[in-house]
Each structure stands twice: as structure tokens, then as C-alpha cells.
Amino acid sequence: MIYKVFYIFLISFFLSLCTGFAQSTMTGEGVVSVRNEEKLLQTVIPHSENENVPPLLKGIWQGDDRLIMFSDENEFALVLRVFYQWYNDRAAEPPKFSELKSRDRNNTTKSPAEDIQIKYITIFENSSHTAGVYELSVKYPYEKNPVFIPVCIIDGKIYLEFLIKNSASVTDLQQTDAFSDATNNSEPENGFYRSASNADGISISVPVFQKEVLSYFISESGEIYRLRYWLSEMEYSYAKATFSDGDKIFSVDKYLRIGSAVYQCTTGRSSKIRNIQKLSKFDKVTVSDSDGMIMAFGEPYLIKVPEKDDRGSLISSTAFLNTIEDNNKRRKPAPKPLFPPTFPKYRWKEITELEKYNPSTWNKRNLDIHK
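As a starting point, this report considers the structure included with it. (Residues numbered from 1 in each chain as written. Predicted model: local features only at pLDDT ≥ 70, side-chain atom pairs only at ≥ 80, totals over all residues. Heavy atoms only, no water.)

### Some details on the side chain of E75
Tracing the chain through its elements places E75 in the loop between β2 (66-70) and β3 (76-81). Among the residues examined, E75 registers a relative accessible area of 7% and is labelled buried. Reaching out from E75, the side chain makes a polar contact with the side chain of K96 at a distance of 2.6 Å. Residues within four places of E75 in sequence aside, it is in contact with M69, F70, P94, K96, F97 and S317. (Helix = DSSP H or I, 4+ residues; strand = E, 2+ residues; numbered from the N terminus. Buried < 20%, exposed > 50% of the residue type's maximum accessible area, 1.4 Å probe, protein only. Polar contact = N/O pair within 3.5 Å; in protein donor to acceptor, adjacent residues only side chain to side chain. Contact = heavy atoms within 4.5 Å.)

Structure representation (C-alpha cells):
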């Protein structure tokens, strides 16, 4: 019995050696492609944090209800424009801001201001560096772990709902030099636009994150397929999933990594996507960058303030505080009365005609004539 077991072990060992030798005799391109494919599927490139503000994100951003500043010195300030934008509340700012200009004390403000620390993660930038997708690693004072808020910048505007073209395995490699050979050999999956956003805003408290996100696949004939991704507890990888439309078969990312959350589009470990929705056009207004690599939906969340105007550079903390002080000096005009006063309206011509036959006025008229 022992000899039989030993004999089987020798046969299996010999077969494994033959298989390894056969793989080593492949052509150079075949070996490289296999290795690159294994790296793309098994090695997940981590997103590194940086304290330096990306150039596209640096500056002052203005919205309907807030002002936000990202400066070179890793200073983050958030001003809430309350009371229909007639008062600017310095809700979050570094401690040194209070030394430069004291904060107001009233029923609107909170003392002290929230001290929020932010680091930045570059998810993707187009080749012309006119648009980019970033994640803000926000450390709130009363939260143990940082919170990741994805934002997109296109033409000086910040959007909160957006897509990135191509699979994550391709765009992640474009942001690093670790696998430059694999980048050259990998072919981007044309037509796949994956979701990269899930937060509802940049706020002084933890924002609300979506439990489901939507991605899209646009075929060469212009057909749009909407793919639903939901929160998952699976480990993130560059695995693929497929769906079909007749004889056509399309491949997309099975998982999405957005901040610290992972989303998936299939049930369990299945790789087949079901319940695909086919659209003729997007149901929202879309905006794309010049390279066609980033697509955003709806109206912009924030718009960048020009860096220089009559007050000088707005990126400096002093100028930023002066801007807020100038805004708070404005005074709203008094509202119109609910019941406006009314004045009598006389038709003087008719009154004069009636007075001709009024005896009480004859003496006065006679006196006027003799004057």
C-alpha cells in the first residue's frame, strides 16, 4: 500500500514538472500577457493619500449654501451661507483663523469652529489635466476613522455624481508607474463608464452615502445599458462580470471601489449580470471633459471663484476672511409692508365743476376775484 501511494506521488510530481516546462516554452509575448492579466486580476493597486492639494482642487469654491477653501498649507475652511445667503457662518476652519480675525458670537455660530483635517487621493486625471476625480479623506473631530468623499472637477466646476470611462484596472494603472509594461499591453474596455461617486456633499458632518450606484455601458451602435451596483461585503478585486444582448456579450467590472465601500453587480460569486436596463438616452443632463474620460450628471455642486480680483489673491487665509467679513456687512433692504398704505385719488376737474354750485364757496370766490 505504501509503495502505491509513493508511486502515485511520483507520477503527479512528474506531470507538474511537465506542465511548468510547457508554460516556460511559450513565446515572450504570451508569457508577458499572462503575467499582466494575472497582475490585473490579483494585484489591487492601493490608493495613496497625499497632504498636498491637487492643482485642480486648490482655491475657493462657491455654492448656493456654502463656501469652501482648499489651500497650499493643507488648510480646509467651510463657510455656511445661512439666512438665504445673507450671513456667512465660519463653521469649520483651522484654529489660526481665529487669531487672524475673531469669529462672531451669536445664535447662529458654534464656538469653537470645527477643525477638520483632510488628505487627498487622486483617483484619475485625464491626459490634458483639465479634469480629474479625487477622494477627500476627511477626519472629523468626533469620528474614529476618516470618511472618503469623492468629487469630480470639470472646467472649474465640482460635481458629486459622475462616471469614469474604462475599468478600474486600466485607470488605476494610469495613475502609477508600478506596472508600466502592463499598461502598454492592456486594452481599455471601450464603452464602460463606471460610477465613482456615492456622497451627497462636502459638509461639516458625515455626509449621506448611497447604498446603490449606477454604471453604464455604451455600445458602438450607441445603445446604453444601465448596470446597478449595490453595497457588498466581498473583498474588492479587478474581477469581471458579463452580460449579453442577443449575440453580443459585454464585459464590465464586477466590483466597484468607491472610498471605503465596495459595490458589486452580481449575486454571490456569480459573474453573470441579470436584469439589464436598456436606454435610448441618459435621463439626466450630462457633462464630459475634453478627453471624454469623465462624465458628470446634473448641475455643478460648487463653482470655482477666480483666483484674483479687486481684492487680490483669494487663496490666502487673510483674503478669504476679508471676503467673509465684507459679505456680512451687507444689509438686506426692509421688506415691503403686508398691507401697503392707500391714498385717496381725486379727479380735480370734476370737483371744480361741482364747486360752482356750492353757495358756501361763493364768498371765497368773490374775495379771490377782488384780489
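Having seen the structure, we can now continue with the description.
### Structural notes on the packing of aromatic side chains
One pass over the structure, following the stated rule, counts 11 aromatic pairs. Each member of the aromatic cluster is reached from another via a ring pair, and the members are F217, Y225, F243 and F250. Seen from the ring of W86, R330 lies directly overhead, with NZ or CZ sitting 4.8 Å from the centre. (Phe/Tyr/Trp six-rings, centres within 6.5 Å; stacked < 30°, edge-to-face > 60°. Lys NZ or Arg CZ within 6 Å of the ring centre and 35° of its normal.)

### Focus on the sheet that holds β3
In space, the 9 strands of this open sheet follow the order β4-β3-β2-β1-β20-β8-β7-β6-β5, with antiparallel pairing throughout. Because the sheet does not close on itself, it has two edges, and the strands there are β4 (87-92) and β5 (117-125). Ignoring strand direction, the axes of neighbouring strands in this sheet form an average angle of 30°. With 8 bridges connecting them, strand β6 (residues 131-139) and strand β7 (residues 147-154) associate as antiparallel partners. (Pairing = 2+ DSSP bridges. Axes fitted to C-alpha atoms, helices over the stretch in contact; angles between N-to-C directions.)

### Some details on empty space enclosed by the protein
Using a probe with the size of a water molecule, rolled over the atoms, empty space left in the structure can be pinpointed. For the coordinates displayed, the defined rule picks out 2 cavities of 30 Å³ or more. By volume, the largest cavity is sized at about 120 Å³. Looking at the largest cavity, it is lined by 15 residues, and the ones nearest its centre are H47, I123, R194, A196 and R257. Elements with a contribution of two residues or more to the lining of the largest cavity: α5 (168-174), β10 (192-195) and β15 (255-258). Per-element tally for the lining of the largest cavity: the top contributor is β15, with 4 residues. Class assignment for the residues of the lining of the largest cavity results in 8 nonpolar, 2 polar and 5 charged. (1 Å grid on protein atoms, 1.4 Å probe; cavity = no way out; pocket = protein on both sides within 12 Å on 5 of 7 lines; lining within 4 Å. Points joined across faces, edges and corners; volume = space filled by probe spheres on them. Nonpolar A, V, L, I, M, F, W, Y, C, P; charged D, E, K, R; others polar.)

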